[in-house]
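A closer look at the structure
Read off the chains here:
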Amino acid sequence: MIKNYFKIAFRNFGRHKLFTIINIVGLSIGISAALVIYVIVNFDFTFDKNHRDSEKIYRVVTEYSFSGNVGYNGGVTGPLSAAVKAEVTGVKDVVPFFTTGGMNVFIANKTDVPTRFKDQDNLVLADGRYFKLLDYNWLAGSAKTALNEPYQVVLTSNQAKIYFPKLSYKQMLGKTVTYDTIKTTVTGIVQTPVENTDFSFHDFISYSTALNTPALKDNLQLTEWGSTTSASVLFIKLADNASPANIEKQLNVLLKKHNPPKKEDAGNTQVFHLQPLSDLHFNKDYNNFDGGHTASKTTLYGLLVIAAFLLVLGCINFVNLTTAQASQRAKEIGIRKTMGSTRRQLISQFLSETFLVTLFAVAIAILAAPSILKIFVDFTPKGITVDYLHHGNILLFMLALIFVVSILSGFYPALVLSGYKPVDVLKNQAHAGASKTRNAMLRKSLTVTQFVIAQFFIMATILVSKQIYYALHKDLGFKKEAIINISTPYKSPSVSLQQVFKNKIAAIPQIELMSIGGAPPSSGNTNSTEATYKDGKKEIKTDIQQKFGDENYLRVYQIKLLAGRNISRADSAKAFLINNTYAKVLGFGNPSEAIGKVLDYNGKKMEIVGVMADFYQKSLHDAIKPLALLIPQNRFGSRTFHIALKPETTGGDDWKKAIGSMQKSWKELYPEEDFDYSFYDKNIEKFYETEQHTSTLLTWATGLSIFISCLGLLGLAMYTTNLRTKEIGVRKVLGATVRQIVTLLSTELIWLIVLAFIIVTPVAWYAMNKWMENFADRTPISWWIFVASGAGMLLAALFTLSFQTVKAAVANPVKSLRSE
């Protein structure tokens, strides 16, 4: 029986090759999109799902509020973990650890010079409680003893093979690993996690090592309740039946007990929250430990919607074309029913045909998926490779997809086809009456749905592109072109070495101007503090952003000075500039009124000597905040060189020569450090990588949705013209022109597209408004976006229809009428 079903299905495919190809192509596009998007979504939603009792594991995080400005920190105060263990009930495990990095690692070898691994990141100070909280597979050593003593280290298997490539894991135990000057002994090797995880640490140094090393101990700030760093991390596991809300309440009672709010801090708050482990990968406010890939649930759900839309478009094509073809199979159905076939058998037959079409589409999707992943490699998470397609969840998804698509696409056509009555069919009345009307209405409704989806994608794509263009071309309040940023090594031997580098760069003829300081005007780094202004009547306490630069900082970036004077080296530690936003917060309507005012700033009295024009400190997602520009202190640490280049001659290589000269100078002073530089305008573009990726995805989705919709439209046009061949012949004999025939055949379908435009416009406008709320500064939603998308869709439809309608209109009427 089943063999017979498939044999008939293949015969039917052979008779209707073009319609079969249209159905397979439409479904394969939808299924390919669904498969690739599911791979991405499944990847992000499976982070840290392998740990026991993961639903009971929480990270303690900190939220601040200063004068209405809210800030977030994934870390906690140093002494909190000990206080939680002693005073909070309902907590089963308290697991503190401290993230660090930038250390040079030295491994002894047979030569006198140890092997050096520069600037190793993803290092962590932890103890045995870490491995009790999170599940690791131990290859050597034991979780019970590995980090109990000072100067011990546990390595992941991948990192261990980097340090000791020729040793077995057991032979590595007892070996020495030196972090800068801190010597540690390897006491354990754990398997590098194969599951998706945000815990990307690979060197676990015993926590007690820090307690015995003054420099590290100072970083822990174990007695400072008023200081919070994101490196100080605290995880807890709740006891059975413990309430997260109750634990959170106890934590904040604890904070008030040990760090009671001061009277002058009224309006400023600091509170602890519990962040579930499942939220770690998705919360950008608190970030994960290495500042790496953080997914957005909104984006992932949006991707699923795109996949569903493309899949629905393919299914709609199938339903439309199959029901439109019903009359061509009516006699077959009538004869089979007369010969004794039941409706159930006919439904099975038609579903088997749908299953075969879906199977072919899935096969094409599977073959295309690796190529699609390579095309989108720039904005898929790093862990996704072609091998990920063999993941068990992906295979289950494909099986489910075959079943769901077969039912969605095939069930209604199967009901329609199997419902014909043999008597009506054999009298050529299969399309008479209510059945014909119902089928026609369904096809129209589905066609409208197709073009609603396609036009929504067009409108969304235009708006996202418009906002990205606006962000990249808006005046941000500073110059960003022809500026290079270079940061000196954090562990540079002395500030005098930085001065030597500055002198060497200043001698390069292609350099116009240079400044030394901290971060550029707009960056991903945030450095803020509190400042207080007393005007005699009230006290204004504000959280302000800090930027550091010398007297050339404003000149390099061409930031305007609205009032007062520029800062100079003599102003160090006693005067600074503020931005216009901060001047307004302090109550000064005119920038000049702020000049000479004194603020309490980090325990010092600082005078305002100038007011800068506002500029964006981050991307357009964030509003401009109060800001101060200070002279950097002459102290040990990294500095950023802000270098303005002279205009490059057309076709010249002036900038290339300048960069080569800078690299040569760098290697003379920092021979062991890599020379890294970046053009500042390229760094600004990176702020909008997410939006650019969204735009690319929408462009692809728009193109595919238009293609699928027009494919279905072409199929319906072919069916309509075939059905009306005799009518077209009669009209031509009676004098109808080609234009009149094309208009006749196109009008109904064009009205369906216009109806789709009317439906989608308010929906798209609402969705666009919601998306634009993510930007503090945004481009207006212009009327032409909707007109352009509607007109574009209409032109694409007319172009598609013209292939069939013009062909039918110019055909010789003698041929069509002779066959009748």
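Residues numbered from 1 in each chain as written. Predicted model: local features only at pLDDT ≥ 70, side-chain atom pairs only at ≥ 80, totals over all residues. Heavy atoms only, no water.

**A few points about the overall build of the protein**
- Secondary structure summary: the protein contains 25 helices and 24 strands in total.
- For the protein, restricting intrachain contacts to residue pairs at least 6 apart in sequence, the fraction spanning at least 24 positions comes to 79%.
- Accessible surface, the protein as shown: approximately 39000 Å² in total, 57% of it carbon and sulfur. (Helix = DSSP H or I, 4+ residues; strand = E, 2+ residues; numbered from the N terminus. Contact = heavy atoms within 4.5 Å. Areas by Shrake-Rupley, 256 points an atom, 1.4 Å probe, with all protein chains shown as cover.)

**Examining the nonpolar core**
- With 46 residues, the main nonpolar core has L27, I31 and L401 as its most contacted residues.
- Taken together, the elements giving at least two residues each to this core come down to α2 (17–45), α10 (297–324), α12 (343–375), α13 (392–418), α15 (433–473) and α21 (689–723).
- The element that contributes the greatest number of residues to this core is α2, accounting for 13 residues.
- Residues contacting L27, with those up to four places away along its chain left out, are G314, C315, F318, V357, T358, A361, V405 and S409. (Core = buried A, V, L, I, M, F, W, Y, C linked by side-chain atoms within 4.5 Å. Buried < 20%, exposed > 50% of the residue type's maximum accessible area, 1.4 Å probe, protein only.)

**Some remarks on the packing of aromatic side chains**
- Taken as a whole, this structure holds 39 aromatic pairs when the rule is applied.
- Ring centres 5.3 Å apart and planes at 50° place the aromatic pair Y130 and F204 in the tilted group. Of this pair, Y130 sits in helix α4 (residues 128–133) while F204 sits in strand β11 (residues 203–206); the two residues are 74 residues apart in sequence, bridging distant segments of the chain. Accessibility assignment for this pair places Y130 and F204 in one class, buried.
- Taken together, the ring pairs in this structure connect F97, Y130, F131, Y136, W138, F199, F201, F204 and F235 into an aromatic cluster.
- If you follow K161 out to its NZ or CZ, it ends over the ring of Y169, 5.2 Å from the centre.
- In this structure, K297 is placed above the aromatic ring of F282, and the distance from its NZ or CZ to the ring centre is 5.1 Å. (Phe/Tyr/Trp six-rings, centres within 6.5 Å; stacked < 30°, edge-to-face > 60°. Lys NZ or Arg CZ within 6 Å of the ring centre and 35° of its normal.)

**A few points about the confidence of the model for the protein**
- Per-residue confidence for the protein gives a mean pLDDT of 83; residues scoring 70 or more make up 90%.
- Here helix α14 (residues 422–426) stands out as the element of the protein with the lowest mean pLDDT, 59, in contrast to strand β8 (residues 152–156), whose mean of 95 is the highest.
- Across residues 430–434, where pLDDT falls below 50, the model places 9 contacts with residues more than four positions away in sequence or in other chains. (pLDDT = per-residue confidence, 0-100.)

**What about the packing of α2 against α12?**
- α12 packs onto α2 with a crossing angle of 50° between their chain directions and a minimal axis gap of 8 Å. In terms of orientation, α2 and α12 fall into the oblique class. Classified by chirality, the crossing of α12 by α2 is right-handed. Along the contact surface, α2 presents N23, I24, L27, S28, I31, S32, L35 and V36, while α12 presents V357, T358, F360, A361, V362, I364, A365, I366, A368, A369, I372 and L373. (Axes fitted to C-alpha atoms, helices over the stretch in contact; angles between N-to-C directions. Parallel < 35°, antiparallel > 145°, perpendicular 65-115°, else oblique. Left-handed = near helix turned anticlockwise from the far one by under 90°.)

**Considering a nonpolar patch on the surface**
- Residues F403, V404, I407, L408, F411 and L415 make up a contiguous nonpolar surface patch of about 530 Å² in total accessible area.
- Tracing the chain through its elements places L415 in helix α13.
- For L415, a relative accessible area of 31% translates into the label partly exposed. (Patch = residues over 30% accessible without salt bridge, like charges linked within 9 Å, V, L, I, M, F, W, Y side chains within 5 Å. Salt bridge = Lys/Arg side-chain N within 4 Å of Asp/Glu carboxyl O.)

**Comments concerning the sheet that holds strand β15 (residues 511–517)**
- Taken in spatial order, the 4 strands make up an open sheet running β15-β23-β14-β24, and their pairing is antiparallel. Two strands lie at the open edges of the sheet, namely β15 and β24 (678–679), each paired on one side alone.
- Note: strand β14 (residues 483–487) against strand β23 (residues 640–645), 5 bridges, orientation antiparallel. Each residue of the ladder has a partner; that of I483, found in β23, is A644.
- Those strands touched by helix α19 (residues 654–669) are β14, β15, β23 and β24, and its axis lies near 15° from that of β14. (Pairing = 2+ DSSP bridges.)

**Comments concerning the pairing of strand β3 (residues 91–100)**
- Within β3, 8 of the 10 residues are buried, leaving the element largely enclosed by the surrounding structure.
- Relative to strand β12 (residues 232–238), β3 runs antiparallel, the two being bridged by 7 bridges. The partner of F97 across the bridge, within β12, is V233.
- As paired elements, β3 and strand β6 (residues 123–126) share 3 bridges and run antiparallel to each other. Across the sheet, the residue bridging to F98 is L125, located in β6.

**Re the packing of helix α22 (residues 725–733) against helix α23 (residues 738–772)**
- Between α22 and α23, the shortest axis-to-axis distance is 10 Å and the interhelical angle comes to 150°. Taken together, the axes of α22 and α23 lie roughly antiparallel to each other. Along this stretch, α22 crosses α23, giving a crossing that reads as right-handed. Where α22 abuts α23, its residues E727, I728, R731 and K732 lie against I741, L744 and L745.
- When the residues that make up the contact of α22 with α23 are grouped by side-chain class, the tally is 4 nonpolar, no polar and 3 charged. (Nonpolar A, V, L, I, M, F, W, Y, C, P; charged D, E, K, R; others polar.)

**Structural notes on the environment of T228**
- Counting through the fold element by element, T228 comes out in the loop between α8 (214–220) and β12.
- Separated by 150 residues in sequence, T228 and G78 have C-alpha atoms that sit 7.2 Å apart.
- If we skip the residues at most four places from it in the chain, T228 touches T62, Y64, N73, G75, V76, T77 and Q270.

**Re the pattern of salt bridges**
- One pass over the structure, following the stated rule, counts 17 salt bridges.
- A salt bridge links D93 to K132; the shortest N-O distance between them is 3.4 Å. Taken together, the residues span a long stretch of sequence, with D93 in strand β3 and K132 in helix α4 at a distance of 39 residues.
- Among the residues examined, D93 registers a relative accessible area of 10% and is labelled buried.
- When its relative accessible area of 52% is taken as the criterion, K132 is described as exposed.

**Describing the environment of F199**
- Structurally, the position occupied by F199 is in the loop between β10 (182–190) and β11.
- It is 9.6 Å that separates the C-alpha atoms of F199 and F47, two residues lying 152 residues apart in sequence.

**Brief notes about unusual backbone geometry**
- Positive phi, close to 55°, is recorded for D53, a residue that is not glycine.
- Here D53 shows up in the loop between α2 and β1 (57–66).
- Positive phi, normally seen in glycine, also occurs at Q221, with a value near 50°.
- Within the fold, Q221 resides in the loop between α8 and β12.

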